[in-house]
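An overview of the molecular structure
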Amino acid sequence: MAAGSVEDSGRVMSAQLLRGQKALVTGANSGIGLATAVALGRAGADVVVNYVAGQDEAEQVVDQIKGFGVRSYAHQADVSDEAQVVAMVARMIEEFGTIDIMVANAGLQRDAAVVDMTLAQWQKVIDVNLTGQFLCAREAVKEFMRRGVVEEVSRSAGKIICMSSVHQLVPWSGHVNYASSKGGVSLLMQTLAQELAPKRIRVNAVAPGAIRTNINRDAWSTPEAEADLLRLIPYRRVGDPDDIANAVVAVASDLLDYVVGTTLYVDGGMTLFPGFATGG
């Protein structure tokens, strides 16, 4: 499948597990976010497609989601900007009546060796990848707490799914800002989960490994590069965006209602430290 394709994203999660629920996916006009937004729509949710740039692509995602007979619209917002996040969630509540699922997916990289990394590169990644998830979670939680549990919709008052990375666990030389942001996401998620579980709000994370998206195209776009990458993946295939999208649908559904404060690694075994498979 081509990077970012969602043609077969329902081949596993095809049931209407989320019928009647309202979801917002940040960074949803490409890659993992795109596949996730489409999978949520296929599962029966109305979906807000957030983007910061690329309106045409976002509108194409909206059209695809509407094809499942659910509602969708695109909303431009920078998740690192507090006022824009507040306005985005407020509009969603006005348009859809509420929010049930927040998928904090938006993220970026600004790679450099530590001696060459500028403060601007550091701060931009932290602002989007970590502060952005905090802002999105905070605004969603306000509505979850106001509305409470609606049993005919879901057993929980709301779900937050933080998009993390195997690099919340695995150090990554040359990417200190990115790895630090994802390490922060791990404890952000766990602390939110601990605080909010008594209110019947579920907070979890999905941590992708190597996925075929444009952000890491150099790592898999040639046979030589892919062969080198596969040495790090015991399952011996590079993941597709659909692998992550299906995981998000499952975590957001009542099938996993008792899963709270957990990171689901979707990585083909990358976090098994494959270098030690033959004794190190």
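Look a little higher up for the structure.
This report concerns the structure included in the present document. (Residues numbered from 1 in each chain as written. Predicted model: local features only at pLDDT ≥ 70, side-chain atom pairs only at ≥ 80, totals over all residues. Heavy atoms only, no water.)

1. So, the packing of helix 3 (residues 82–96) against helix 4 (residues 119–147)
Between helix 3 and helix 4, whose axes approach to 9 Å, the crossing angle comes to 35 degrees. Pair helix 3 / helix 4 crosses with right-handed handedness. Across the interface between the two elements, Glu82, Val85, Val86, Met88, Val89 and Ile93 of helix 3 pack against Leu135, Cys136, Arg138, Glu139 and Glu143 of helix 4. Split by residue class, the contact of helix 3 with helix 4 holds seven nonpolar, no polar and four charged. (Axes fitted to C-alpha atoms, helices over the stretch in contact; angles between N-to-C directions. Helix = DSSP H or I, 4+ residues; strand = E, 2+ residues; numbered from the N terminus. Left-handed = near helix turned anticlockwise from the far one by under 90°. Contact = heavy atoms within 4.5 Å. Nonpolar A, V, L, I, M, F, W, Y, C, P; charged D, E, K, R; others polar.)

2. Side note on unusual backbone geometry
Phi at Arg200 is positive, roughly 65 degrees, even though this residue is not glycine. Mapped onto the elements of the fold, Arg200 is located in the loop between helix 5 (176–196) and strand 6 (201–208). You can call Arg200 partly exposed: its relative accessible area is 39%. (Buried < 20%, exposed > 50% of the residue type's maximum accessible area, 1.4 Å probe, protein only.)

3. With respect to the nonpolar core
Counting residues in each nonpolar core, the largest one holds 36 residues, and the members touching the most others are Leu40, Val49 and Val206. Those elements that place two or more of their residues in this core are strand 1 (22–25), helix 1 (31–42), strand 2 (46–51), helix 2 (55–66), strand 4 (101–104), strand 5 (158–163) and helix 7 (241–252). Apart from residues no more than four positions distant in its own chain, Val49 is found in contact with Val25, Ala28, Asn29, Ala37, Ala58, Val61, Val62, Ile65, Ser72, Tyr73, Ala74 and His75. Among the nonpolar cores identified, the runner-up in size contains 34 residues, and Val48, Phe96, Ile160 and Ala205 belong to it. (Core = buried A, V, L, I, M, F, W, Y, C linked by side-chain atoms within 4.5 Å.)

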